[in-house]
Amino acid sequence: MTLLLSTKMNFVTPPPQDSDNGLYALRFKNSFLDELPADPLEENYCRQVKCACYTRVKPKPMEKPRMLAFSSETAQLIGLSEDQCLSQEFAEIFTGNALLPGMDPHAMCYGGHQFGNWAGQLGDGRAINLGDVINEKGERWALQLKGAGPTPYARGADGLAVLRSSIREFLCSEAMHHLGVPTTRALCVNLTGEEVLRDMFYNGNSLMEPGAVVCRVAPSFLRFGSFQILTAQQDIDLLRRLVDFTLKHFYPELGPPGKESYLAWFRVICQRTAKMIADWMRVGFVHGVMNTDNMSILGLTIDYGPYGWLEDYDPDWTPNTTDAGGRRYRYSHQPQIAHWNLWQLANAIQPLFKNTQGLEEVLNEFPVFYQDHWSRMMASKLGFSEFRMEPDQMLWDELLVLFSEVETDMTMFFRLLSRISNTFSEDSDPLEILGKAFYRPDDIRPEQQEKFQQWIIKYQERLAEDGMDPEQQVESMNLANPKYVLRNYMAQIAIDQATEGDPSLIKEMLELLRRPYDEQPEQEKYFALRPEWARHRPGCSMLSCSS
């Protein structure tokens, strides 16, 4: 089997009829293209697109595509084996140099609020959807290349991506899935053989960086902004068609299209979003760019840009340099931002209703949805059978005060907390158990140590009152509190080595993050505080949207 390669887009040569190569056996059904209108223009230049949900566009041919890493679990979702992922055909296809029969590349049109301001048309500026694979279970998986070249929505940019951001997205997509957080997936990250000019912090220091393409996978990449743009354009007929399409393919259990199913659909989106945000808060994840165009209509974490995990607990931390001033998307503000974004989605679909009462009632339920998920999450994190709002909230607030006084690693603290048994006494030193989670244990003053000890005594009393079996309590905590997360410095050292030609750490990180709740004694080096060298290093402490 060979590829027909040239400077233009080509189709992979079909194999013999008896071939068992899964690449050629992939079955595509592109309902989004079949049922919704396309941009009548196919010329690839920046423009405002009206009366359409997408534009057909071809990926940019790359010089020397090479597969750098892939996820075997995601490959299995669409029916590919590891051997097929290791082939050169795979690298050519998932860098955008060749198409399989049934692929129909296109970029989606959407708008959005960015940092609280309406930005108008945005769209897939460098994301090109290849099509929807229907697997053996009948599941729909959309394949999308990020960094495969410009589209009419690129707003003058080159549509490419660099290796550092592609590795970060690839690893984080899979890490979040294995943490149990709703997310898009990643199939692979491929080198393009080309270099891309980027100014990482927009400060005039541009550098040439290795180019790469990451293949993202999700049931759909529809966003809040997909609906917002149509309302902004006053194209209510197409808005209704898009909502009906979404109900038909992703929420069929809600019944035929109509005002009742529209409202039920919006309620489910609010519930799914609440759960997703509660999971972010549980593992200490900060998205960094919660614009409405980065909010999935399926309640998935989408678009991994300048994200990060809390190292020392700081509720005001954001990983995004662009957000450093206002800190709109800081860790503690994520639930409120999700609520605000849902308000914008409600405004977008409001023309489908005679009045806003039903939408407003559902929106007012969002804090209840979130509180329900948050309470269950907190009960698991602390090892309680249930979170009792009055006493347990006070216990939690006291702990946060201690975190503000003593620089504490959130991930490590809660994982170590499960090791405290009901036999802990007033004479015990909490630092013997929790000391590994403190960045400067020698600087902890006696009065702060006393506060921690008193808090642990109260915590032990609460555990005893709860009466949960100790083994069950530890198990519950260890399933809620991961031992390993994708710390920024870990991603950065994998990026550094891959840039030098050694992708082995990407594979090591991927293997580690497949089992984030397991002990994995052989990987204990990653259950550690952020190194001091990473405290202020670019890529470890703060990131930008440059990729």
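### Here's the deal with the overall build of the protein
Line of reasoning, step 1. Per the secondary structure count, the protein includes 18 helices and 14 strands.
Line of reasoning, step 2. The C-alpha atoms of the protein give 24 Å as radius of gyration, which agrees with the globular expectation for 547 residues (24 Å, within 12%).
Line of reasoning, step 3. Principal-axis analysis of the C-alpha atoms gives the protein an extent of 75 × 60 × 50 Å.
Line of reasoning, step 4. In the protein, of all internal contacts separated by at least 6 residues, the share reaching a separation of at least 24 is 72%.
Line of reasoning, step 5. Total accessible area on the protein stands at roughly 22,000 Å², and carbon and sulfur atoms take up 51% of it.
Line of reasoning, step 6. Taking the average place of the 53 positive charges on the side chains of the protein and the average place of its 74 negative ones, the gap between the two points comes to 6 Å.

### Section: the nonpolar core
Line of reasoning, step 1. In this structure, Phe32, Phe94, Phe266 and Trp309 are the most contacted members of the largest nonpolar core, which totals 175 residues.
Line of reasoning, step 2. The element best represented in this core is helix H9 (residues 259–283), accounting for 13 residues.
Line of reasoning, step 3. Beyond its immediate stretch of four places on either side in the chain, Phe266 contacts Leu342, Leu345, Ala346, Ile349, Leu359, Val362 and Leu363.

### A few points about unusual backbone geometry
Line of reasoning, step 1. One non-glycine residue, Phe115, lies in the positive phi region at around 55°.
Line of reasoning, step 2. As for its position among the elements, Phe115 is in the loop between strand E6 (111–114) and strand E7 (117–121).
Line of reasoning, step 3. Phe115 gets classed as partly exposed once you look at its relative accessible area, which sits at 26%.
Line of reasoning, step 4. Backbone geometry at Gln520 places phi at a positive 45°, although glycine is not the residue there.
Line of reasoning, step 5. Relative to the assigned elements, Gln520 resides in the segment after helix H18 (504–513).

### Quick word on helix H17 (residues 488–499)
For an α-helix, the turn length of 3.6 residues means that residues three or four places apart are oriented alike.
Line of reasoning, step 1. If you check H17, its first and last C-alpha atoms are 16 Å apart, about what 12 residues at 1.5 Å a residue would give, namely 16 Å.
Line of reasoning, step 2. For H17, every residue scored as buried is listed here: Asn488, Tyr489, Met490, Ala491, Gln492, Ala494, Ile495 and Ala498.
Line of reasoning, step 3. Against the buried residues of H17 lie strand E3 (66–70), helix H6 (163–179), strand E14 (308–309) and H18.
Line of reasoning, step 4. Directly after H17, the chain includes Gly501, whose backbone phi takes a positive value near 100°.

### A closer look at the packing of helix H11 (residues 357–382) against helix H16 (residues 470–480)
Line of reasoning, step 1. Following both chains from N to C, one finds H11 and H16 inclined at 120°, their axes separated by 6 Å at the closest point. By the angle class used here, H11 and H16 are oblique. Counted together, Ser380, Lys381 and Leu382 of H11 and Ser476, Met477 and Ala480 of H16 form the full contact between these two elements.

### Side note on the packing of aromatic side chains
Line of reasoning, step 1. Enumeration according to the criterion identifies 26 aromatic pairs in this entry.
Line of reasoning, step 2. Ring centres of Phe413 and Phe414 lie 5.5 Å apart, and the angle between their planes is 85°; on these two criteria the pair is classed as edge-to-face.
Line of reasoning, step 3. Members of the aromatic cluster, joined through ring pairs, are Tyr313, Tyr331, Trp374, Phe387, Trp396, Phe403, Phe413, Phe414, Phe438 and Phe452.
Line of reasoning, step 4. Between Arg168 and the ring centre of Tyr307, over which it is positioned, the NZ or CZ distance is 4.0 Å.
Line of reasoning, step 5. Its end group placed over the ring of Phe414, Lys381 keeps NZ or CZ at 4.3 Å from the ring centre.

### A short note on the confidence of the model for the protein
Line of reasoning, step 1. Residues at a pLDDT of 70 or more form 93% of the protein, whose mean pLDDT is 92.
Line of reasoning, step 2. In the model, residues 1–8 has pLDDT below 50 throughout and makes 17 contacts with residues more than four positions away in sequence or in other chains.
Line of reasoning, step 3. Considering only residues more than four positions removed or in separate chains, one finds that residues 13–19, a stretch of pLDDT under 50, has 7 contacts.

### Points about the environment of Gln84
Line of reasoning, step 1. Turning to its location among the elements, Gln84 is positioned in helix H4 (residues 82–85).
Line of reasoning, step 2. With relative accessibility at 14%, the residue Gln84 sits in the buried group.
Line of reasoning, step 3. Placed 261 residues apart in sequence, Gln84 and Leu345 show a C-alpha to C-alpha distance of 41 Å.
Line of reasoning, step 4. Within the local environment of Gln84, its side chain forms a polar contact with the backbone nitrogen of Ser81, the two atoms lying 2.7 Å apart.

### What to know about the environment of Trp280
Line of reasoning, step 1. Assignment of secondary structure puts Trp280 in helix H9.
Line of reasoning, step 2. Those residues in contact with Trp280 that sit more than four places away from it in its chain are Met176, Val181, Phe285, His287, Met290, Thr301, Tyr331 and Gln334.

### Details of the environment of Pro61
Line of reasoning, step 1. Structurally, Pro61 can be placed in the loop between strand E2 (54–56) and E3.
Line of reasoning, step 2. Distance in space between the C-alpha atoms of Pro61 and Gly288 is 31 Å, their sequence separation being 227 residues.

### Observations concerning the pattern of salt bridges
Line of reasoning, step 1. In this structure the tally under the stated criterion is 41 salt bridges.
Line of reasoning, step 2. The salt bridge partner of Arg223 is Asp303, with a shortest N-O separation of 2.7 Å. Pair noted here: Arg223 is in the loop between strand E12 (207–218) and helix H7 (224–232) and Asp303 is in the loop between strand E13 (285–286) and E14, with a separation of 80 residues, a long-range link.
Line of reasoning, step 3. Residue Arg223 is classed as buried on the basis of its relative accessible area of 1%.
Line of reasoning, step 4. What makes Asp303 buried here is its relative accessible area of 13%.
Line of reasoning, step 5. When salt bridges that share partners are traced, they join Asp312, Glu407, Arg440, Arg530, Glu532 and Arg535 into one network.

### Points about the pairing of E6
It is a general feature of regular strands that their side chains alternate between the two faces of the sheet.
Line of reasoning, step 1. The pairing of E6 with E7 spans 3 bridges and is antiparallel. The residue of E7 that forms the bridge with Gln114 is Asn117.
Line of reasoning, step 2. Linkage of E6 to E7, two consecutive antiparallel strands, is achieved through a turn of 2 residues, within which Phe115 is found at a positive phi near 55°.

### Overview of the packing of H9 against H11
Line of reasoning, step 1. In contact at an axis separation of 8 Å, H9 and H11 are set at 30° when each is read in the N-to-C sense. Taken together, the axes of H9 and H11 lie roughly parallel to each other. Crossing handedness for the pair H9 and H11: right-handed. Touching Leu263, Phe266, Arg267, Cys270, Gln271, Thr273, Ala274, Lys275, Ile277, Ala278, Met281 and Arg282 of H9 are Gly358, Leu359, Val362, Leu363, Glu365, Phe366, Phe369, Tyr370, His373, Trp374, Met377 and Lys381, all from H11.
Line of reasoning, step 2. Residues belonging to the contact of H9 with H11 are distributed by class as follows: 15 nonpolar, 4 polar and 5 charged.

### Topic: the pairing of strand E8 (residues 127–134)
Line of reasoning, step 1. When you tally the buried positions in E8, you get 8 out of 8 residues, the bulk of the element.
Line of reasoning, step 2. Of the strand pairs in this sheet, E8 and strand E9 (residues 140–146) are connected by 7 bridges, and their pairing is antiparallel. Bridged to Asn129 within E9 is Gln144.
Line of reasoning, step 3. As consecutive antiparallel partners, E8 and E9 are separated by 5 residues, and within that stretch Gly138 has a phi angle of approximately 85°, a positive value.

Calculation notes
- Counting from 1, residues in each chain are numbered in the order their sequence is written.
- In view of the model being predicted, local features appear only for residues whose pLDDT reaches at least 70, and side-chain atom pairs are presented and counted only at 80 or more, with totals across whole chains, interfaces and linings using the full set of residues.
- For the side-chain quantities, the full set of heavy atoms in the structure was used; hydrogens and water were omitted.
- The helix and strand labels rest on DSSP assignments: H or I over at least four residues marks a helix, E over at least two residues marks a strand, and numbering proceeds from the N terminus.
- Radius of gyration: over C-alpha atoms. The globule rule applied is 2.2 Å multiplied by the number of residues raised to the 0.38 power.
- Every residue pair with non-hydrogen atoms within 4.5 Å of one another is taken to be in contact.
- To be clear on the numbers: accessible area is Shrake-Rupley with a 1.4 Å probe, and residue cover counts the displayed protein chains and nothing else.
- When charges are counted, neither His nor the chain ends are considered; positive counts come from Lys and Arg and negative counts from Asp and Glu.
- Just so you know, the charge point we use is NZ for Lys, CZ for Arg, CG for Asp and CD for Glu.
- Residues belong to a common nonpolar core when they are buried Ala, Val, Leu, Ile, Met, Phe, Trp, Tyr or Cys residues joined through side-chain atoms within 4.5 Å.
- The cut-offs for exposure are 20% and 50% of the maximum accessible area for each residue type, with area from a 1.4 Å probe on protein chains only; residues under the lower value are buried, those over the upper are exposed, and the others partly exposed.
- Helix span, as expected, comes to 1.5 Å for every residue beyond the first.
- Helix axes are fitted to C-alpha atoms over the stretch in contact, other axes to C-alpha atoms as well, and angles between N-to-C directions run from 0 to 180 degrees.
- Roughly parallel refers to an angle under 35 degrees, roughly antiparallel to one over 145, roughly perpendicular to one between 65 and 115, and oblique to any angle outside these ranges.
- By convention, a stacked pair of Phe, Tyr or Trp rings (six-membered ring in the case of Trp) has centres within 6.5 Å and planes under 30 degrees apart, an edge-to-face pair has planes over 60 apart, and any other such pair is tilted.
- In this analysis the charged atom, NZ for Lys or CZ for Arg, is taken to sit over a ring once it is within 6 Å of the ring centre and within 35 degrees of the ring normal.
- Every residue gets a pLDDT, meaning the predictor's confidence in that residue, from 0 to 100.
- Definition of a polar contact: a pair of N or O atoms within 3.5 Å, with one able to donate and the other able to accept a hydrogen when the atoms are protein atoms, and with sequence-neighbouring residues admitted only if both atoms are side-chain atoms.
- The term salt bridge refers to a pairing of a side-chain nitrogen on Lys or Arg with a carboxyl oxygen on Asp or Glu at a separation within 4 Å.
- Pairs of strands are assigned from DSSP output, requiring at least two bridges between the strands.
- For any helix crossing, the convention is left-handed if the near helix is rotated counterclockwise from the far helix by under a right angle, and right-handed if that rotation is clockwise.
- Basically, the charged four are Asp, Glu, Lys and Arg, the nonpolar ten are Ala, Val, Leu, Ile, Met, Phe, Trp, Tyr, Cys and Pro, and anything else, Gly included, counts as polar.

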